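# Commentary on secondary and tertiary structure
Listed below are the residues making up each chain.
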Amino acid sequence: AGAEEVSDTAVTALDTEKQDLFSITYITDGGSGKIDYAEPCEAGETVKLSVWALRKDGYSHIGWTDGEHEYTRGQKIKMPEKNLTLMPLWKKIYTLSFEDLTQYGYSSSLPSGTVSPGEQVYLPNYAMFNGNSRFNGWLVNGVHHDPLSYFTMPEEDTYVCVDWLDPINFVY
């Protein structure tokens, strides 16, 4: 057994000449990366599925499927009485980007990156000012959220910026 670097190919364990031995073929479905392969084995033997996460732009590799069952990466399974072909299970990920806070005197900004839909994103509280306006929370794709709260990552790229509260001028 070992790991092999692959790119948009199928990887099958070697030497399936013996009858009564079954193998696992991994279909990468546009992904690339390493795949662990197991030697062919008899039905009922425990075999560990590839633990490596494939890479594919815009997606996270969350497991494997044979079309009937879903498996986690690295899961140990009993080999069925047939060869097994596995394809990756992909979860769409989206970009989460934050406004650059260095323009308001902070030494660094909040980290941007990729996030899976449904994940909870924390919105911190900052004491900052922009002229006479003060920090009032966050705008997540244009919708106000209070500081020290969470929002659920939607199924779209998301931009988070400061929601400023302008000073109120009273006229007497």
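Refer to the structure printed above.
Let us look at the structure shown here. (Residues numbered from 1 in each chain as written. Predicted model: local features only at pLDDT ≥ 70, side-chain atom pairs only at ≥ 80, totals over all residues. Heavy atoms only, no water.)

### Some points on the overall build of the protein chain
Along its length, the protein chain carries zero helices and 18 strands. Split into buried and exposed, the 172 residues of the protein chain put 35% on the buried side. Summarising the internal contacts of the protein chain: among those between residues at least 6 apart in sequence, 56% fall at separations of at least 24. In the form shown here, the protein chain has an accessible surface area of approximately 10400 Å², with 48% of it arising from carbon and sulfur atoms. (Helix = DSSP H or I, 4+ residues; strand = E, 2+ residues; numbered from the N terminus. Buried < 20%, exposed > 50% of the residue type's maximum accessible area, 1.4 Å probe, protein only. Contact = heavy atoms within 4.5 Å. Areas by Shrake-Rupley, 256 points an atom, 1.4 Å probe, with all protein chains shown as cover.)

### Quick notes on the nonpolar core
With 18 residues, the main nonpolar core has Leu96, Met128, Trp138, Phe151, Val160 and Val162 as its most contacted residues. For this core, the elements supplying multiple residues, two or more each, are β11 (94-98), β13 (120-123), β15 (133-140) and β18 (158-165). Once residues lying within four places of it in the same chain are set aside, the contact partners of Val162 are Glu99, Leu101, Tyr104, Met128, Phe135, Gly137, Trp138 and Leu139. Listed in part, the 15 residues of the second largest apolar core include Phe22, Ile24, Val47 and Leu54. (Core = buried A, V, L, I, M, F, W, Y, C linked by side-chain atoms within 4.5 Å.)

### Section: the packing of aromatic side chains
In the structure shown here, the tally under the stated rule is seven aromatic pairs. Measuring from ring centre to ring centre gives 6.1 Å for Tyr126 and Trp138, while their planes differ by 75°; the resulting arrangement is edge-to-face. Linking Tyr126 in the loop between β13 and β14 (129-130) with Trp138 in strand β15, this pair joins segments that are twelve residues apart in sequence. Here a set of aromatic residues connected by ring pairs shows up, and it is made of Tyr106, Tyr126, Phe135 and Trp138. (Phe/Tyr/Trp six-rings, centres within 6.5 Å; stacked < 30°, edge-to-face > 60°.)

### A few points about the environment of Pro154
Here Pro154 is to be found in the loop between β17 (149-152) and β18. The exposure class of Pro154 is partly exposed, given its relative accessible area of 26%. Taking C-alpha positions, Pro154 is 9.9 Å from Leu96, a pair spaced 58 residues apart along the chain. Excluding residues that lie within four positions of it along the chain, Pro154 makes contacts with Tyr94, Pro117 and Asn141.

### Thoughts on the pattern of salt bridges
All told, the structure shown has two salt bridges when counted by the stated rule. In this structure, the salt-bridge partner of Lys82 is Glu68, at a minimum N-O distance of 3.9 Å. Note that Lys82 is positioned in the loop between β9 (76-78) and β10 (84-92) and Glu68 in the loop between β7 (59-65) and β8 (70-71), a separation of 14 residues in sequence. (Salt bridge = Lys/Arg side-chain N within 4 Å of Asp/Glu carboxyl O.)

### Some thoughts on the environment of Ile24
By the secondary structure assignment, Ile24 is in strand β3 (residues 24-27). Its relative accessible area of 7% is what places Ile24 among the buried residues. Taking C-alpha positions, Ile24 is 5.7 Å from Thr85, a pair spaced 61 residues apart along the chain.

### A short note on the side chain of Asp163
Relative to the helices and strands, Asp163 resides in strand β18. Buried and without a salt bridge, Asp163 has Arg134 as its closest oppositely charged side chain, separated by 10 Å. Once residues lying within four places of it in the same chain are set aside, the contact partners of Asp163 are Arg134, Phe135, Asn136, Gly137, Trp138, Leu139 and His144. (Lys, Arg positive; Asp, Glu negative; His and termini not counted.)

Function cannot be read off these values alone, since they describe shape.
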